[in-house]
Amino acid sequence: MEWQRIIGGISGAISVGMGAYGAHGFKGKDPVYKATFETGSRYQLLHSAMLVATPAICGGHATLAAQVAGTCFSLGMLGFSGSCYMVGLKEDRKYGKLAPYGGFSLMGGWLALALLRK
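One structure accompanies this document, and this report is about it. Not measured: the values here are computed from a predicted model.

What about the overall build of the chain?
Reasoning step 1: A tally of regular secondary structure across the chain gives 4 helices and 0 strands.
Reasoning step 2: Element order for the chain, N to C, with α for helix and β for strand: α-α-α-α.
Reasoning step 3: In terms of overall size, the chain behaves like a compact globule, its C-alpha atoms giving a radius of gyration of 15 Å where 118 residues would be expected to give roughly 13 Å.
Reasoning step 4: Seen through its C-alpha atoms, the chain measures out along the principal axes to roughly 50 × 25 × 20 Å.

Quick look at the nonpolar core
For soluble globular proteins, the rule of thumb is that nonpolar side chains tend to be buried together.
Reasoning step 1: Counting residues in hydrophobic clusters, the biggest one holds 14 residues, and the most contacted among them are Cys58, Ala69, Phe73, Phe80, Leu106 and Leu113.
Reasoning step 2: Elements supplying a minimum of two residues to this core: helix H2 (31–58), helix H3 (64–90) and helix H4 (99–115).
Reasoning step 3: Per-element tally for this core: the top contributor is H3, with 7 residues.
Reasoning step 4: Apart from the residues lying within four places of it in its own chain, the contact partners of Phe73 are His47, Met50, Leu51, Thr54, Ser105, Leu106, Gly109, Trp110 and Leu113.

Notes on the state of the cysteines
Reasoning step 1: Counted under the stated rule, the structure contains 0 disulfides.
Reasoning step 2: With no disulfide of its own, Cys58 has Cys72 as its nearest cysteine by sulfur position, at a separation of 11 Å.

Side note on the packing of aromatic side chains
Reasoning step 1: Counting across every chain of the model gives 6 aromatic pairs.
Reasoning step 2: Pairing Tyr43 with Phe80 gives two aromatic rings, centres 4.9 Å apart and planes at 45°, and the pair type is tilted. Placement of the pair is Tyr43 in helix H2 and Phe80 in helix H3, with a sequence separation of 37 residues.
Reasoning step 3: Among the aromatic residues, ring-to-ring pairing joins Tyr21, Phe26, Phe37 and Tyr85 into one connected group.

Description of H4
Reasoning step 1: For H4, which comprises 17 residues, the first-to-last C-alpha distance of 24 Å matches the rise-based estimate of 24 Å (1.5 Å per residue) to within 8%.
Reasoning step 2: By the burial criterion, the buried members of H4 are Ala99, Gly102, Ser105, Leu106, Gly109, Ala112 and Leu113. Down the axis of H4, the buried set is contained in an arc of 140°. They therefore lie on one face. In H4, the exposed residues that point more than 90 degrees away from the buried face are Tyr101, Phe104, Ala114 and Leu115.
Reasoning step 3: Buried-residue contacts for H4 involve H2 and H3.

Cut-offs and rules
- Residues numbered from 1 in each chain as written.
- Predicted model: local features only at pLDDT ≥ 70, side-chain atom pairs only at ≥ 80, totals over all residues.
- Heavy atoms only, no water.
- Helix = DSSP H or I, 4+ residues; strand = E, 2+ residues; numbered from the N terminus.
- Rg over C-alpha atoms; globule rule 2.2 N^0.38 Å.
- Core = buried A, V, L, I, M, F, W, Y, C linked by side-chain atoms within 4.5 Å.
- Buried < 20%, exposed > 50% of the residue type's maximum accessible area, 1.4 Å probe, protein only.
- Contact = heavy atoms within 4.5 Å.
- Disulfide = S-S within 2.5 Å.
- Phe/Tyr/Trp six-rings, centres within 6.5 Å; stacked < 30°, edge-to-face > 60°.
- Expected span 1.5 Å × (residues − 1).
- Arc of directions from axis to C-beta.

Keep in mind that these numbers describe shape and distance, not what the molecule does.
If you want it as structure tokens, here you go:
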């Protein structure tokens, strides 16, 4: 089973919903927090698409590159975008502590695509 396609598709749908909420329903007091929320949505959508494409790029869903990149993208979206959503919704930067780890995980996904062989 291509878990990357399933997780990427579900994550993409969630990011579209979060983006719509950010554009039409978000009622934050400070525009900085709205921008943080929108950044989370944008990064989640981009990396959801990459997660879906990862097996095709890596020559199959079971290759080492696909497994490492997919795991990094998945954890990175959860950490980075999840932190951005919480910071935006709570309007408190203390909820952003996972964002750097999520960002490094997203970078790890890109590096796995670039450096790992099929």
